[in-house]
Amino acid sequence: MRLQRAQLGLLAALAATIPVSVFAAEIALALGVLVFAARLLRREARLEPTPLDPPLLAFAVWTLLAASFAANPRAAHEDTKELVLFAVFYLAANVLSRAPDRERVLAALLMGGIALGASMVADHLVLGHDTLARRPSGFLGHWMSASGVVMGVLVAAAARLALGPARRPRPRDAWLAVALLAGVGVVALLDRAGAGVLPTRLFVAALAAGAIALALSGRAAVRAAGDLLPWVALPVTAWALVISQTRNAWVGAVVGLAVVAVMRAPRLLWALAATVAVLLLVRPTAVTSRLTITDQSSVDRYYQWQAGVDMIMDKPVFGQGPGMILTAYPGYRWPEAPNPDTPHLHNNALQIAATRGLPGLAFFAWWMVVALATALAEARRARVDSPAGWPAVAALGGLVAILMAGMFEYNLGDSEVLMLALLLTSLPFARRRERAGV
């Protein structure tokens, strides 16, 4: 039982740190794997098969084969290290087979999302990150990663408010959210004063500790503070998403929120459409300046996609190899392309097909179809079950948002977004385990 609680706490720390530190999240993942291995040895846990095992295994094996046939196999194999992140799915699917545990881990994710969103807002207001060349990225290294994560957290918060337990927020329960926002503010001010990375590291450590306490505490005050988090996460992440000036995340968020609206009540689509219309009428500069497809970034994407098709036609079986786009692109670049180099092709499907061949794309599509079908089935069941079923809707909306944004960005190449996607993917499978009594 102690190891099971330790694993739950580590998974909460993982969920909370995905939005703020890949390093911290990977440490939590490694510790979680060690604890799970100990539970397996002591026969306290079982690694149950899931319908996602065949596509994940096929995708992983083909990725390694594609790396072996790359022009630079050593570099290509080094790029495959993100396959170890698939452990997020198996850990979460095993640990979160109880509805209260799913709620607590998602509350930890909302904690991290609030921290990331608030830090992006602080970048914008305090540090002046308000241009395309210097967009707010918060605790993460790049604004694309940051916008992808806040997009997912925004959809999860909306699902919690739309379908979760109807608990009215009370001002006295805001202490956790206030502490998060205050901590981000202090870190931003110290960053501006040139205090270095120590304040950020201390904040990340405190966030992980807070997530563990939230997951393991039985105190009513702590649970009530967790219930208030989606009310704060929704506006904070929405604000951060707008000022990120990242169009793929905007598209993903709108579609993901539409999924949540349909699962709650289709008439809510009118409210979503009204919100978008008001945003367009207010015409914030961060939005209106990006409503174009003739800018250099959009034009370059078009030619990158053309080059990606050429790469696939040239090597349709194993592709160029993982991580080989930057090296291969100059040989396939169309003369009209504005930029001479690119590390990826700004589209998940094209990137996977170009680096792993058409079989790799087929295995990826198999993976996504199984994940989405399971999420849809559980989300439909959640509509008639108790409010505790809202995580399945969060999973469905979040995965759809990530895939929609991935039509214009290789967002699954970001460890943060991939870990978030795997965590969301696990929720419907964990719910199925709960119903089966595993």
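Throughout, residues of each chain are indexed from 1 in the direction in which the sequence is written. Residues qualify for local features only when their pLDDT is at least 70, as the model is predicted, and side-chain atom pairs are given and counted only at 80 or more; totals for whole chains, interfaces and linings, by contrast, use all residues. Only heavy atoms go into the side-chain values, all of them from the structure, while hydrogens and water stay out.

1. Looking at the pattern of salt bridges
Thinking step 1. Any carboxyl oxygen of Asp or Glu within 4 Å of a side-chain nitrogen of Lys or Arg constitutes a salt bridge here. Counted by the stated rule, this structure contains nine salt bridges.
Thinking step 2. The partner of R160 in a salt bridge is D227, and the shortest N-O contact between them spans 3.6 Å. Here R160 is found in helix α7 (residues 143-163), whereas its partner D227 is found in helix α10 (residues 220-243), with 67 residues between them in sequence. Here the two residues R160 and D227 agree in accessibility, since each one is buried.
Thinking step 3. One salt bridge connects R431 with E378, and the closest N-O pair in it is separated by 3.0 Å. Of this pair, R431 sits in helix α18 (residues 415-436) while E378 sits in helix α16 (residues 348-384), and the two are 53 residues apart along the sequence. Each of the two residues, R431 as well as E378, counts as buried. Secondary structure elements are defined from DSSP: runs of H or I of at least 4 residues count as helices, runs of E of at least 2 residues count as strands, and each element is numbered from the N terminus. For each residue, the accessible area found with a 1.4 Å probe, counting protein chains only, is set against the maximum for its type, and the residue is called buried under 20%, exposed over 50%, and partly exposed in between.

2. Things to note about the packing of helix α11 (residues 247-264) against helix α12 (residues 268-282)
Thinking step 1. Two elements in contact, α11 and α12, have axes separated by 8 Å at closest approach and are oriented at 150 degrees. Our classification of the angle between α11 and α12 gives roughly antiparallel. Only L268, L269, L272 and V276 of α12 make contact with α11, whose side of the interface consists of V254, L257, A258, A261, V262 and R264.
Thinking step 2. Residues are grouped as follows: Ala, Val, Leu, Ile, Met, Phe, Trp, Tyr, Cys and Pro are nonpolar; Asp, Glu, Lys and Arg are charged; all remaining types, including Gly, are polar. Across the contact of α11 with α12, the residue classes break down as nine nonpolar, no polar and one charged. The axes are straight lines fitted to the C-alpha atoms, using for helices just the contacting stretch, and the angles between their N-to-C directions are given from 0 to 180°. Put simply, angles under 35 degrees are roughly parallel, angles over 145 are roughly antiparallel, angles from 65 to 115 are roughly perpendicular, and the rest are oblique. Between two residues, a contact is recorded if the distance between any of their heavy atoms is within 4.5 Å.

3. Some details on the confidence of the model for the protein chain
Thinking step 1. The share of residues in the protein chain with pLDDT of 70 or more is 98%, and the mean pLDDT across the chain is 91.
Thinking step 2. What pLDDT expresses is the predictor's confidence in each residue, scored from 0 to 100. The element-level mean pLDDT for the protein chain is lowest in helix α13 (residues 285-288), coming to 70, with helix α3 (residues 53-68) highest at 97.

4. Brief notes about the packing of helix α1 (residues 2-17) against helix α6 (residues 99-125)
Thinking step 1. Between α1 and α6, the shortest axis-to-axis distance is 7 Å and the interhelical angle comes to 30 degrees. With respect to each other, α1 and α6 are oriented roughly parallel. Along this stretch, α1 crosses α6, giving a crossing that reads as right-handed. Taken together, the residues of α6 that come into contact with α1 (itself represented by L8, L11, A12, A15 and A16) are D101, V105, A108, L109 and G112.
Thinking step 2. Class assignment for the residues of the contact of α1 with α6 results in eight nonpolar, one polar and one charged. Whether a crossing is left-handed or right-handed is set by the direction in which the near helix is turned from the far one by less than a right angle, anticlockwise for left-handed and clockwise for right-handed.

5. Notes on the environment of A70
Thinking step 1. On the secondary structure map, A70 appears in the loop between α3 and α4 (73-79).
Thinking step 2. The buried category is assigned to A70, whose relative accessible area is 9%.
Thinking step 3. Spatially, the C-alpha atoms of A70 and G323 are 9.4 Å apart, while their sequence positions differ by 253 residues.
Thinking step 4. Those residues within four positions of A70 in sequence are excluded, and the remaining contacts are A76, Q320, G321 and M324.

6. Some details on the environment of P391
Thinking step 1. In this fold, P391 is placed in helix α17 (residues 390-405).
Thinking step 2. On the basis of relative accessible area, P391 is assigned to the buried category, the value being 2%.
Thinking step 3. Here P391 is in contact with R102, L106 and L427, once residues within four sequence places are set aside.

7. Side note on a nonpolar patch on the surface
Thinking step 1. On the surface, a nonpolar cluster with roughly 420 Å² of combined accessible area is contributed by F23, I27, L31 and L34.
Thinking step 2. As for its position among the elements, L31 is in helix α2 (residues 22-41).
Thinking step 3. Judged by its relative accessible area of 41%, L31 is partly exposed. Only residues whose relative accessible area exceeds 30% and that form no salt bridge enter a patch; like-charged residues are grouped when within 9 Å of one another, and nonpolar side chains (Val, Leu, Ile, Met, Phe, Trp, Tyr) when within 5 Å. Note that accessible areas follow from Shrake-Rupley with a 1.4 Å probe, and for residues the cover is restricted to the protein chains shown.

8. Overview of the side chain of Q7
Thinking step 1. Residue position: Q7 is located in helix α1.
Thinking step 2. You can call Q7 buried: its relative accessible area is 2%.
Thinking step 3. Whenever a nitrogen or oxygen atom comes within 3.5 Å of another N or O atom, the pair is scored as a polar contact, on the condition that within protein one atom can donate a hydrogen and the other can accept it, and that pairs from neighbouring residues in sequence are kept only if both atoms are in side chains. Within the local environment of Q7, its side chain forms a polar contact with the side chain of R39, the two groups lying 2.7 Å apart.
Thinking step 4. Not counting residues up to four positions away in its chain, the partners in contact with Q7 are G32, V35, F36, R39, L91 and V95.

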